Number of protein chains: 4
Amino acid sequence: MEKRARVLIDCEDGKGLVYKISKVFYDRDLNIDNNREFVDKEHARFFMRTVVTGLFDTEELLEALKAITPVDAHIRVIEPKDKKIILMVTKESHALGDILIRHADAALGAKIECVIGNHDTLETLVRRFDIPFFYIPANDMSREAHETRVMQCINEFEFDYIVLAKYMRILTSTFVKAYPQKIINIHHSFLPAFIGANPYKQAYERGVKIIGATAHYVTDDLDEGPIIAQDVIPVNHRLTWRDMQRAGRDGEKIVLSRALALVLNDRVFVNGNKTIIF
Amino acid sequence: MEKRARVLIDCEDGKGLVYKISKVFYDRDLNIDNNREFVDKEHARFFMRTVVTGLFDTEELLEALKAITPVDAHIRVIEPKDKKIILMVTKESHALGDILIRHADAALGAKIECVIGNHDTLETLVRRFDIPFFYIPANDMSREAHETRVMQCINEFEFDYIVLAKYMRILTSTFVKAYPQKIINIHHSFLPAFIGANPYKQAYERGVKIIGATAHYVTDDLDEGPIIAQDVIPVNHRLTWRDMQRAGRDGEKIVLSRALALVLNDRVFVNGNKTIIF
Amino acid sequence: MEKRARVLIDCEDGKGLVYKISKVFYDRDLNIDNNREFVDKEHARFFMRTVVTGLFDTEELLEALKAITPVDAHIRVIEPKDKKIILMVTKESHALGDILIRHADAALGAKIECVIGNHDTLETLVRRFDIPFFYIPANDMSREAHETRVMQCINEFEFDYIVLAKYMRILTSTFVKAYPQKIINIHHSFLPAFIGANPYKQAYERGVKIIGATAHYVTDDLDEGPIIAQDVIPVNHRLTWRDMQRAGRDGEKIVLSRALALVLNDRVFVNGNKTIIF
Amino acid sequence: MEKRARVLIDCEDGKGLVYKISKVFYDRDLNIDNNREFVDKEHARFFMRTVVTGLFDTEELLEALKAITPVDAHIRVIEPKDKKIILMVTKESHALGDILIRHADAALGAKIECVIGNHDTLETLVRRFDIPFFYIPANDMSREAHETRVMQCINEFEFDYIVLAKYMRILTSTFVKAYPQKIINIHHSFLPAFIGANPYKQAYERGVKIIGATAHYVTDDLDEGPIIAQDVIPVNHRLTWRDMQRAGRDGEKIVLSRALALVLNDRVFVNGNKTIIF
């Protein structure tokens, strides 16, 4: 039966890669629906994302691609199915709400397995959508003890990504390393400006004329992970920092949802501390 | 007791208006928290929006302002309280959902009295938020008969604005005239480009590089009412019109919510077929 | 000696095109520096732009590519060299000036052969840069007679493109057909809004909140040719149409220069009434 | 004879300021063409910019305004006339060129007194416009010695502003303090991101998806002065830092010219480390 798959290849660059890879597809009589490549010349690294349709055996296709690419090649043949995600939140509803509405409309491209909150503020909203909400407070507890409880909860589920939809606690190295390239965060500034706490207040005090939002993979370095998407909105002297915070929320939620759509569609390669977006 | 009010004045321009109006405030020892004026020189028309705080009697203040402004002056002294709105929808959830989430978070600045749909697609979503949903189908019915039923439903409520959150039917002149300057629509194009049906398909066929969304007051002329807010997003040759439609939804919902915030905060004056936004 | 070329292919879509084309490059031991493809599924048309480096004979490469592509294929192997352009202007200096400055800095990627004006307003500016200026007034002359004189002037030069840098006369069908896909215009609106005369006045009267500029190929239908680039800027009720015109000029010149860079780098395919931009 | 003036007032906030100031205008039978106010509540500071027309004596008007405003008031009554500016440049032509073209078209609103370069690269371009160019090299010279020579040159002229149109040397505290609120710089990043040297390389290495430009007053703290205007452009993984630099130039020149227009029209108040833009 005719199938469809996203083929993602990431390997050392070399002459003839496009030819050799497209030959694998051609020999199996596959259609190329969509094809994008990029060579990072600085690091001599080749990236390719191809959507193929036709009759193929996924394992056989994967083996054939491995045979003609460098040994370091990272190859994925992904048959489209809804991914699974876990959301982590604190008190603000805008980013969570935007994802819930898309989810309810089957427009998210992922199933929300559960929402974890370090406050119970958003429990009512989540339950309106018949999605499990786990309230795991951090009071009177070490950061490590709290994260252990969160990880116990997370590990009950199968999931592809953890989405921090305005989760306002800093994660430890242990947590981050447990889920490499699987945690996506929205930071409420135009990174790398205004790293850290209360970026809107920092922006207000600096007197900038534009504020922004940044969705990124979470790595061990706070607010330093590979950036997936950014956007900005103009501000002026009439806005207090609270006004900026309010105005910035639309940007935050849209950037997070945009990044999530890219990730869920397997359009993002992580390349060192950067991303390649196809 | 100290009060706060938005004073909106719209009258024929004349020398000394700022002086005379600010004297009224000064004589009553009111604080001016915020003040914006504009003179439309083409039509010799003066617009002013001032936020005052202090001890005042609303009726007395209104009379005092009337006494020193031209006879044609349209003056409002509005004490802040949540407005009431009615939503009209068809099948798409994004604009409605964005408003529902803000409403649930008390961030809308208005109470949603009810949602009216000509399809029942969105009933489940609305009911999740404990808001009345009225399904008024238009099948086997003249446009007039359908609107009569809708108006009967609307007229059961007190409300300030009717918000068409992707309501996909054209309203008759009778309907529009029944609620002057009270109906706000989101049109899924950068008006005046692509008036009428399926603007995304029109945009696709024209090969534009940017698509947009427009929030406007509804008047008797289809898609021709005063524009409140517009925004755009870049597109390219890789997007089908369905992709554009999907991509455009974020713009639509943000522009509608932005326009709604302006209107609900009494920041919009209608000036002929245009708006003045303070 | 190692050479570099841009290979542009535009043909009926079919299975294995990427494979067959990359095989031609592989067999000749060419490096692919950059490769982009697109399939217009609606019209089953394949587009590809590849930058290759290596030892090759341009004619032989072209023949090899023809041999493996459909008969309707339009194939170009372009060795980078500066293109030649002719500018046509009327009175406004901003779009012309932007191009002149880039030209003077060798940042244009083209040699300006001459500037033709239907007014002599800009002669002084052009002569400052030691570029020929031809003043061809249209007074007391039919449109056809004027264009005949312009065409005589143009045809004295070898050139790749005619750039209308705010040339404010409508061209006849005869003129346009004489230089197919060779005339690039900047229109001072966000097409298709405000086609025709004085788009800023139209925008002012409609009360839009955003204005724009559009660079496009000129075809026989006024303001209807394939769009290359567009951009927008926000406006508000405080701007008169003259203010909008002034504010719009920056957008116009930047959009025109951006479109010109794309065209001069052979990054634009015309596909019916649309463009594909790589 | 009827005159026109911009009245700029900046003082401690207090009740009745709008009333008292508009009374001064009213008592003199002046027309208010345009009026904008802002109160910085955090610092209890009032700002007002009014354009008045009528018959008035500038000194008398100034005295009358002083009489009714707090003692700390900074009041200016500015009769429109072209300002005078001095440009400082290094090697890049885009920002300089944009200003030269506006100047040649009488669209700058200022007279360029001279251009000073620490390299002679741009001398030819400047001389094309019949504007004096002073080449003051910094080779084999201390920073202080070089600046002394620059200041000798500057001080030969009357001027309102010094515009650093991509002047790539850091100015000493002595220089900056000699011209308070008179030096305007364009920084090639979205400040406060990427302060210091080679912001495009920093942006490339951080993998941001948007780059920007910032026009600001120069103060003693490098890249920390009050921001006048900012803008951004999207980038992606395909751009090298040199590509970003090229792409960023349009943003730089437009932001600088926009900031310059605001400053030359007396629309900018400096408020601590921020600006208020009317």
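Structure: above.
Residues numbered from 1 in each chain as written. Chains lettered and ligands numbered in written order. Predicted model: local features only at pLDDT ≥ 70, side-chain atom pairs only at ≥ 80, totals over all residues. Heavy atoms only, no water.

Trainee: Any chance you could explain the relation of the copies chain D and chain A here in plain terms?
Mentor: Copies of the same chain, two in number, are related to each other by a rotation about an axis and a translation along it. In the superposition of chain D on chain A (RMSD 0.0 Å, axial shift 0.0 Å), the rotation amounts to 180°. On the angle and the small slide along the axis, the relation comes out as a two-fold axis. Using C-alpha coordinates, one finds that chain D approaches the rotation axis most closely at Ala193(D), a distance of 2.3 Å. Take the interface residues of chain D: 100% of them recur as interface residues in chain A, which is what a same-surface contact looks like. (Least-squares fit on C-alpha atoms with pLDDT ≥ 70 in both. Contact = heavy atoms within 4.5 Å.)

Trainee: What is the right way to read the sheet that holds strand E4 (residues 74–78) of chain D from this model?
Mentor: Working definition: the strands of a sheet are paired by backbone hydrogen bonds and lie parallel or antiparallel to each other. All names here are of chain D. Strands sit in the order E2-E3-E1-E4 across an open sheet of four strands; the sheet is antiparallel. Here the strands that pair on one side only, and so sit at the sheet edges, are strand E2 (31–40) and E4. Within the sheet, the average angular offset between the axes of one strand and its neighbour, ignoring direction, is 10°. When strand E1 (residues 3–12) meets strand E3 (residues 45–54), the two strands line up antiparallel, connected through 10 bridges. Across the sheet, Glu12 pairs through a bridge with Arg45, a residue of E3. (Pairing = 2+ DSSP bridges. Helix = DSSP H or I, 4+ residues; strand = E, 2+ residues; numbered from the N terminus. Axes fitted to C-alpha atoms, helices over the stretch in contact; angles between N-to-C directions.)

Trainee: Before we go on, may I ask you to explain the packing of aromatic side chains in this structure?
Mentor: Given two aromatic rings, one states the distance between the centres and the angle between the planes to describe the pair. On inspection of all chains with the given rule, the structure shows 30 aromatic pairs over all chains. Geometrically, the ring pair formed by Phe47(B) and Phe269(B) is edge-to-face, given 5.4 Å between the ring centres and 70° between the ring planes. In this pair, Phe47(B) is assigned in strand E3 (residues 45–54) and Phe269(B) in strand E12 (residues 268–271), connecting sequence segments 222 residues apart. Both residues of the pair, Phe47(B) and Phe269(B), count as buried. For the ring pair Phe175(D) and Tyr179(D), a centre distance of 5.2 Å and an interplane angle of 65° mean the geometry is edge-to-face. The exposure classification of Phe175(D) matches that of Tyr179(D), with both residues buried. Taken together, Tyr19(A), Tyr26(A), Tyr19(C) and Tyr26(C) form an aromatic cluster joined through their ring pairs. Residue placement shows Lys3(A) over the ring face of Phe56(A); its charged tip is 4.6 Å from the ring centre. Note that Lys274(B) overlies the ring of Tyr204(C), its terminal NZ or CZ placed 3.2 Å from the centroid. (Phe/Tyr/Trp six-rings, centres within 6.5 Å; stacked < 30°, edge-to-face > 60°. Buried < 20%, exposed > 50% of the residue type's maximum accessible area, 1.4 Å probe, protein only. Lys NZ or Arg CZ within 6 Å of the ring centre and 35° of its normal.)

Trainee: I tried to follow the packing of helix H1 (residues 17–27) of chain D against helix H2 (residues 58–68) of chain D on my own but got confused; where do I start?
Mentor: In helix packing, the relevant descriptors are the interaxial angle and the interaxial distance, both defined with respect to the helix axes. Residues and elements named next belong to chain D. As a packed pair, H1 and H2 sit with axes 10 Å apart at the nearest point and diverge in direction by 155°. When the axes of H1 and H2 are compared, the pair comes out roughly antiparallel. In this structure, the crossing between H1 and H2 has a hand that is right-handed. Counting all contacts with H1, which are made through Lys20, Ile21, Val24 and Phe25, the residues of H2 involved are Leu61, Ala64, Leu65 and Ile68. Taken together, the residues of the contact of H1 with H2 break down into seven nonpolar, no polar and one charged. (Parallel < 35°, antiparallel > 145°, perpendicular 65-115°, else oblique. Left-handed = near helix turned anticlockwise from the far one by under 90°. Nonpolar A, V, L, I, M, F, W, Y, C, P; charged D, E, K, R; others polar.)

Trainee: Looking at this structure, how should I read the interface of chain C and chain A?
Mentor: Accessible area lost during the coming together of the parts is what is often quoted as the interface size. Contacts between the two partners involve 17 residues from chain C, matched on the other side by 17 residues from chain A. Overall, the association of chain C and chain A removes approximately 1600 Å² of surface from exposure, summing both partners, and the carbon and sulfur fraction of that is 53%. Three residues stand out in chain C for area buried against chain A, namely Lys15(C), Tyr19(C) and Tyr26(C), and they jointly supply 39% of the buried area on that side. The interface formed by chain C and chain A holds four salt bridges in total. Between Lys15(A) and Asp29(C) there is a salt bridge; the shortest N-O distance is 3.5 Å. Across the chain C-chain A interface, the total number found is seven residue pairs in polar contact (both at pLDDT 80 or more). Taken together, the elements giving at least two residues each to the side of chain C that touches chain A come down to helix H1 (17–27) and strand E2 (31–40) of chain C. Per-class residue counts for the side of chain C that touches chain A are five nonpolar, four polar and eight charged. (Buried area = accessible area lost by both parts, 1.4 Å probe. Salt bridge = Lys/Arg side-chain N within 4 Å of Asp/Glu carboxyl O. Polar contact = N/O pair within 3.5 Å; in protein donor to acceptor, adjacent residues only side chain to side chain.)

Trainee: Can you help me understand the interface of chain D and chain A in this one?
Mentor: The partner chain A presents 31 residues to the 31 residues of chain D that form the contact. When chain D packs against chain A, close to 2700 Å² is buried across both sides, 59% of that on carbon and sulfur atoms. Taken as a group, Arg206(D), Lys209(D) and His237(D) account for 27% of the area that chain D buries against chain A, more than any other trio of residues on that side. On inspection of chain D and its partner chain A, the count reaches two salt bridges. Here Arg206(A) ties to Glu224(D) by a salt bridge, and the two come within 3.5 Å at their closest N and O atoms. Elements with a contribution of two residues or more to the side of chain D that touches chain A: helix H7 (199–206), strand E11 (227–234) and strand E13 (274–277) of chain D. In terms of residue count, the dominant contributor to the side of chain D that touches chain A is E11(D) (six residues). Split into classes, the residues belonging to the side of chain D that touches chain A amount to 16 nonpolar, six polar and nine charged.

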